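Summary of the model geometry
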Amino acid sequence: MISIDKVNKWYGTYHALVEVTAEIAKGEVVVICGPSGSGKSTLIRTLNRLEDIKDGRIIINGTNIHEKGVDVNKLRSHIGFVFQQFNLFPHLTVLQNCMLAPIRIKNMPKEEARELAMSLLCRVGLANKSEAYPSELSGGQQQRVAIARALAMSPPVMLFDEPTSALDPEMVGEVLQVMKDLAKDGMTMACVTHEMGFAREVSDRVIFMDKGEIIEQAKPEQFFKMPEHPRAQSFLSDILSPMSAMARQLCNE
């Protein structure tokens with residue numbers, strides 16, 4: 001479904017992605033993790049051309065997406081993307097947010113779009129909030145609406161860029177549950193996340209990045225029990241034992 005081949009990206013003189021190569025199969029759930037500044041969010045944003053690349057190739061569902069002449073709007077209509085911030089239209093109701101793209105992009109009749117939107121809101125547990133506005137929802141509810149809105153275009157692949165990072169801790173679980181349900185249904189998913197419990201339980205594979213490079217790829221059981229790269233070992237140690245990370249930071253200071 002997704003093939004990434006020797007992709008490089010710079011921001012000025014900063015080499016943000018370094019010869020990145022990876023593949024994601026149809027129906028596979030891949031978690032991309034790593035420390036802040038490792039390039040993971042930059043990488044996932046290149047997968048729907050929110051970020052351009054300097055060289056290399058990214059092929060999604062048979063299309064070389066960074067090739068000249070690619071219709072970016074058409075491309076994005078086939079790739080679901082869920083952001084850190086929910087990016088819902090504040091002046092539209094929950095239902096209208098989910099109906100907008102099928103009507104505008106697919107020319108779907110309004111009643112058909114309404115039925116689709118309601119079925120997706122049922123799927124994420126928010127049918128009772130269909131007439132509410134985003135400002136009337138909790139963060140977790142807004143993110144679930146954002147997932148429903150992305151699904152309204154029936155994309156073959158879903159991308160998540162730290163979808164729980166802007167949420168209060170008690171709201172994280174409700175969003176992760178929706179993502180787990182998508183995984184069970186066979187959706188192809190690439191998820192940038194710090195939620196290691198989700199990575200361990202749901203992912204088929206973990207990609208670990210540092211300094212713009214993929215330095216380890218493994219099945220979750222192998223990655224969490226016996227990571228090979230010292231940087232991955234240190235990262236997991238910090239995640240599992242925050243006090244050790246704090247002590248190391250104080251020593252560095």
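Not measured: the values here are computed from a predicted model.

This next bit is on helix α4 (residues 110-123). For α4, spanning 14 residues, the distance from its first C-alpha to its last is 20 Å, which sits close to the expected 20 Å at 1.5 Å a residue. Residues Ala113, Ala117, Leu120 and Leu121 constitute the buried set of α4. Taken end-on, α4 shows its buried residues confined to a sector of 100°, consistent with a single buried face. Looking at α4, the residues exposed on the side facing more than 90 degrees away from the buried face are Glu111 and Glu115. Where the residues of α4 are buried, they touch α3 (94-104) and α5 (139-151). A positive backbone phi angle near 75° is found at Gly125, which sits one or two residues after α4.

As a further point, take the nonpolar core. In terms of nonpolar packing, the biggest core is built from 52 residues, with Ile147, Met158, Phe160, Met179, Met189 and Phe223 touching the most fellow members. Examining the composition of this core, we find that eight residues originate from one element, helix α6 (residues 169-184), more than from any other. Ignoring sequence-local partners within four residues, the contact set of Met189 consists of Glu28, Val29, Val30, Met158, Phe160, Met179, Leu182 and Ala183. Membership of the second largest hydrophobic core comes to 25 residues, among which are Ala22, Ile24, Ile44 and Ile60.

On to the pattern of salt bridges, then. Within this structure, the stated rule accounts for eight salt bridges. Put simply, Glu28 and Arg205 hold a salt bridge, and the shortest N to O gap is 3.0 Å. With Glu28 in the loop between β2 (14-24) and β3 (29-33) and Arg205 in strand β9 (residues 205-210), the pair connects residues that are 177 residues apart, well separated along the chain. Classification of Arg205 as buried rests on a relative accessible area of 14%. Between Asp185 and Arg123 there is a salt bridge, with its nearest N and O atoms 2.8 Å apart. Taken together, the residues span a long stretch of sequence, with Asp185 in the loop between α6 and β8 (188-192) and Arg123 in helix α4 at a distance of 62 residues.

For the α-helix, the turn length of 3.6 residues means that residues three or four positions removed from each other point alike. In this model, α5 (13 residues) spans 19 Å end to end at C-alpha, consistent with the 18 Å of a helix rising 1.5 Å per residue. The buried count for α5 comes to 13 of 13 residues, which makes it a mostly enclosed element.

Overall, the predicted model of the protein reaches an average pLDDT of 92, with 94% of residues at or above 70. Within the model, pLDDT remains below 50 along residues 243-251, and this stretch shows five contacts once partners closer than five positions in the same chain are excluded.

With that out of the way, let us pick up unusual backbone geometry. The phi angle at Asn87 is positive, at roughly 55°, despite the residue not being glycine. The backbone of Ser154 shows a phi angle near 50°, a positive value even though the residue is not glycine. Here Ser154 shows up in the loop between α5 and β7 (157-161). Classification of Ser154 by relative accessible area gives exposed; the value is 51%.

Bringing the packing of aromatic side chains into the picture now. What the rule picks out here adds up to four aromatic pairs. Arranged with centres 6.1 Å apart and planes meeting at 35°, the rings of Phe208 and Phe223 form a pair that is tilted. Of the two residues, Phe208 is situated in strand β9 and Phe223 in helix α8 (residues 220-225); the sequence distance between them amounts to 15 residues. Residue Phe208 shares its accessibility class with Phe223, and that shared class is buried. For the ring pair Phe223 and Phe224, a centre distance of 5.3 Å and an interplane angle of 85° mean the geometry is edge-to-face. The residues Phe223 and Phe224 share a single accessibility class, namely buried.

What counts, and where the lines are drawn
- Residues numbered from 1 in each chain as written.
- Predicted model: local features only at pLDDT ≥ 70, side-chain atom pairs only at ≥ 80, totals over all residues.
- Heavy atoms only, no water.
- Helix = DSSP H or I, 4+ residues; strand = E, 2+ residues; numbered from the N terminus.
- Expected span 1.5 Å × (residues − 1).
- Buried < 20%, exposed > 50% of the residue type's maximum accessible area, 1.4 Å probe, protein only.
- Arc of directions from axis to C-beta.
- Contact = heavy atoms within 4.5 Å.
- Core = buried A, V, L, I, M, F, W, Y, C linked by side-chain atoms within 4.5 Å.
- Salt bridge = Lys/Arg side-chain N within 4 Å of Asp/Glu carboxyl O.
- pLDDT = per-residue confidence, 0-100.
- Phe/Tyr/Trp six-rings, centres within 6.5 Å; stacked < 30°, edge-to-face > 60°.

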